[in-house]
Amino acid sequence: MSLRNKILILSLLTFLYPLFIYPQSENLIREIIGIAVNDLTQSLDNVFSGGHNNIEHQLIDIDGDNDLDLFFLDSDGYYGFYENTGSAFDPNFVLEEKIFNGIEFKNWFYFVDIDDDNDYDLFTSGEADYIKLILNTGTILSPEFTTLEDTLLSADNSPIQSEFGSNPLFYDVDSDGDFDFISGNSAGTVTFYENIGTVNNYSFKFVTNLWQDLIIISTLNSFEKHGASSLEFADIDNDTDPDLFWGDFLSKSIYFIQNDGTATIPDMNVLYNIYPQNADSIKTNGFNMPRLFDIDGDNDLDLFVSVLFDPTVPQGLMYYENQGTISTNDFHFITKDLLKTLDVKTNSVPFFVDIDDDSDQDLFIGSLDNPFGKLFYFENTGTALLPEFTLRDSSLIDQDYSISLYPAFGDLDNDNDYDLLIGNFDGKISFYENIGNGNSANFLFRELITNSAGSTIDIGTFARPLLLDVDSDNDLDLICGKFSGRFSYFRNIGTPLLFSFEEDTSYFSIIDIGDNSNPFLIDYDNDGDYDLFSGDHNGFITHFRNDGNNIDPIWISESNNFLDTDLGIDVSPFFIDIDNDSDIDLFVGNAKGGLFFYRNSLITNIEAGHLPEVYKLNIEAYPNPFNPEINFILNGISNQDKLNVSIFNILGEKIIELYNASPSKNNLNLKWNAGSFSSGIYLVRVSSSTQSEIKKIILSK
């Protein structure tokens, strides 16, 4: 069957009956490691973290298990933490989907035990650059955070500020047993508030805006300038007094400022403006954020550095191992990206298509980069049921035209292969013809897309194209999002062999989502017409229901936050049945350059009659995905009823019975070792005479 016939039959079936089970937002469950992804050298961790840009970071033992966990704040305001599931000697960072109750980060953050109760409290920016204190009212093992002060006041009741752009910290710089407040300024100086209270009852007194007479002036393009800073204190030479590491807005490295005084009477002097002093010296585009922690349990401080200025830099969270001693440091570069997550730098736009005609979906991600954007190709080296993506190419097309690339695939010339449209930063759309074939693509630039009058289509800025046979006339129409937050629709009045686009300005005329529209059309409610989803600049997905038809739509706003969550900035949704289980899953690109993945938790492939009606019952399954052992915690069961727990394969066939008895209490813990079974999707069913529940689990070997 030809590629075009496949597409047309799929469209027709979608209109005639619900071929797919489309997700309600509550059935879309976020997964961070649900699908394996490999780059050119390694298997990635925390694959669907969403990516990171200009990450601010701090390592602390937040859960009292004697290893360091990692908290982060991205430049788009997205924040969270990676739990260290390894050890103090061999860390393994796993991104947690949820952060502790009461935590919020804005502009900067710093954890410190300000009240001496053996747990970490949190300072962050409040309104107007004032400082907010969020107190840990839980314990070292079970943190719980409550805002204590929206505006931190000094000893004379004046509000304390930290200048926007700088990263302040709390440190005992005078060795009196309590934490003082230190903040950099754009003047290249340091503001110092002394803590004149006690170890468990802080009181900050303003002392100076020129602490230690430090003035950092960096040279940029032959001009001497000063700017914001990111500061870190550490006794790097083990002489019992704190030294200072300074990341300057205009410096490509970091400054090392040595304490030549004592712990109680510091005497700070700039020793180096490039650090470390070896072949592994830090050199980036500028504004580096240093942090020092002993990550490997060898009793010396290691160095972590991120770049806060340019989101297109190749560095993520850099790690320099201290291969010296506790008193004589020797930092050596280990990795430019400690977190090893899926990240194409910035403005990721996903598109799935079977580009090699092997019956599974491959992944393309467009991106923004300086000076030219890139298109990343990840081949599906797994299967349609259990996908696995491997990076094959990041220079698939030859282009030196646009800093941003937004891909859309479709067979525009009816030759049974997928051609490619690229939406460009300047609002124009490039057409790349596939001169290869259905299983070996070769894209050649042909032209900028024109309308039926021969004029180049220009929608303003940030063109985001989508190809779809909206009007069911056997050719592909063009939908386009744009910077303005509105949409353009171009009806294909040509033929399947020769496209010709004519704009219909009335089609989306009433819709404006604000900024940066990223459209995706599906028949979400199975009523025979396409509904509209779109990402926006603010990190939300909007949903418009079509109460008309595909020729004359009537757009009704259903939600301006479909997932009920904020994904950062400039999100791009793509709905697809990625695991071939007849329900639609969701991938979302965003400004940080990674992807978010939401799997549809509905069960659709077990034949009718195999399972009884589903009632409320709570099944927890972890880890999920698993290899080879998984744990089940069952709650809400009746101890007056016989309970059956069985595992089914995706075809609805029972493969093992784990439990069949009357439980002695209303909860139950079980394990399943699937060592003898192959990788794939399985279903655990818990049932009794009064209730039943099913959960999807994934065995990934």
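Scope of this entry: the structure provided in the associated data block. (Residues numbered from 1 in each chain as written. Predicted model: local features only at pLDDT ≥ 70, side-chain atom pairs only at ≥ 80, totals over all residues. Heavy atoms only, no water.)

Here we come to the sheet that holds strand β46 (residues 643-649). Strands sit in the order β47-β46-β49-β50 across an open sheet of four strands; the sheet is antiparallel. In this open sheet, the two edge strands, each paired with only one partner strand, are β47 (654-661) and β50 (692-699). Strand after strand, the sheet turns through a mean of 15° between neighbouring axes, direction not considered. (Pairing = 2+ DSSP bridges. Helix = DSSP H or I, 4+ residues; strand = E, 2+ residues; numbered from the N terminus. Axes fitted to C-alpha atoms, helices over the stretch in contact; angles between N-to-C directions.)

Before going further, it helps to examine empty space enclosed by the protein. Counting across every chain of the model gives two cavities of 30 Å³ or more. Of the pockets and cavities examined, the largest cavity occupies roughly 160 Å³. Taken together, 14 residues line the largest cavity, and the ones lying closest to its centre are Val 349, Pro 407, Pro 465, Pro 519 and Pro 573. Its residues assigned to classes, the lining of the largest cavity comprises 11 nonpolar, two polar and one charged. (1 Å grid on protein atoms, 1.4 Å probe; cavity = no way out; pocket = protein on both sides within 12 Å on 5 of 7 lines; lining within 4 Å. Points joined across faces, edges and corners; volume = space filled by probe spheres on them. Nonpolar A, V, L, I, M, F, W, Y, C, P; charged D, E, K, R; others polar.)

Oppositely charged side chains are able to pair whenever their charged atoms sit close together. Across all of its chains, the model carries 23 salt bridges by this definition. In this structure, the salt-bridge partner of Arg 392 is Glu 379, at a minimum N-O distance of 2.8 Å. With a gap of 13 residues between them, Arg 392 in strand β28 (residues 388-393) and Glu 379 in strand β27 (residues 375-380) connect regions that are remote in the sequence. Accessibility expressed as a relative area gives 45% for Arg 392, which makes it partly exposed. Across the pair Asp 583 and Lys 696 runs a salt bridge, and its minimum N-O distance is 4.0 Å. Residue Asp 583 is located in the loop between β41 (572-576) and β42 (585-589), and its partner Lys 696 is located in strand β50; the two are separated by 113 residues in the primary sequence. Like Lys 696, Asp 583 is buried. In the salt-bridge network here, residues are joined through shared partners; they are Glu 31, Asp 579, Asp 581, Asp 583, Arg 599 and Lys 696. (Salt bridge = Lys/Arg side-chain N within 4 Å of Asp/Glu carboxyl O. Buried < 20%, exposed > 50% of the residue type's maximum accessible area, 1.4 Å probe, protein only.)

Attention shifts here to a nonpolar patch on the surface. A cluster of nonpolar residues, Leu 210, Ile 215 and Ile 217, forms a patch on the protein surface that exposes about 250 Å² of accessible area. By the secondary structure assignment, Leu 210 is in the loop between β14 (204-208) and β15 (218-220). (Patch = residues over 30% accessible without salt bridge, like charges linked within 9 Å, V, L, I, M, F, W, Y side chains within 5 Å. Areas by Shrake-Rupley, 256 points an atom, 1.4 Å probe, with all protein chains shown as cover.)

What follows deals with the side chain of Ser 251. Take Ser 251: it is sitting in the loop between β18 (243-248) and β19 (255-259). On the basis of relative accessibility, which here comes to 6%, the residue Ser 251 falls in the buried class. With residues near it in sequence (within four places) discarded, Ser 251 still touches Ser 218, Asn 273, Gly 286, Phe 287 and Asn 288. (Contact = heavy atoms within 4.5 Å.)

A sheet is described by the order of its strands in space; here four strands give the open sequence β7-β8-β9-β10, paired in antiparallel fashion. In this open sheet, the two edge strands, each paired with only one partner strand, are β7 (109-112) and β10 (145-149). On average, adjacent strands in this sheet sit at an angle of 25° to one another, irrespective of strand direction. Across four bridges, β7 lies against strand β8 (residues 121-125) in antiparallel orientation. In the strand pairing of β8, Phe 109 is matched with Thr 124.

Further remarks concern unusual backbone geometry. A cis amide bond links Tyr 275 with the next residue in sequence, Pro 276, at an omega value of -10°. In this structure, Pro 276 sits in the loop between β20 (268-272) and β21 (288-293). That bond from Asn 627 to Pro 628 is cis: its omega, -15°, falls within 30 degrees of zero. Among the secondary structure elements, Pro 628 is positioned in the loop between β44 (618-622) and β45 (629-635). You will see that Asn 118, though not glycine, has its phi angle at about 70°, which is positive. Within the fold, Asn 118 resides in the loop between β7 and β8.

The final tally for this structure, using the stated rule, is 66 aromatic pairs. A centroid spacing of 5.4 Å and a plane angle of 75° characterise the contact between Phe 245 and Tyr 275, whose relative ring orientation is edge-to-face. Of this pair, Phe 245 sits in strand β18 while Tyr 275 sits in the loop between β20 and β21; the two residues are 30 residues apart in sequence, bridging distant segments of the chain. Against the face of Tyr 78 rests Lys 592, its NZ or CZ located 4.4 Å from the ring centre. (Phe/Tyr/Trp six-rings, centres within 6.5 Å; stacked < 30°, edge-to-face > 60°. Lys NZ or Arg CZ within 6 Å of the ring centre and 35° of its normal.)

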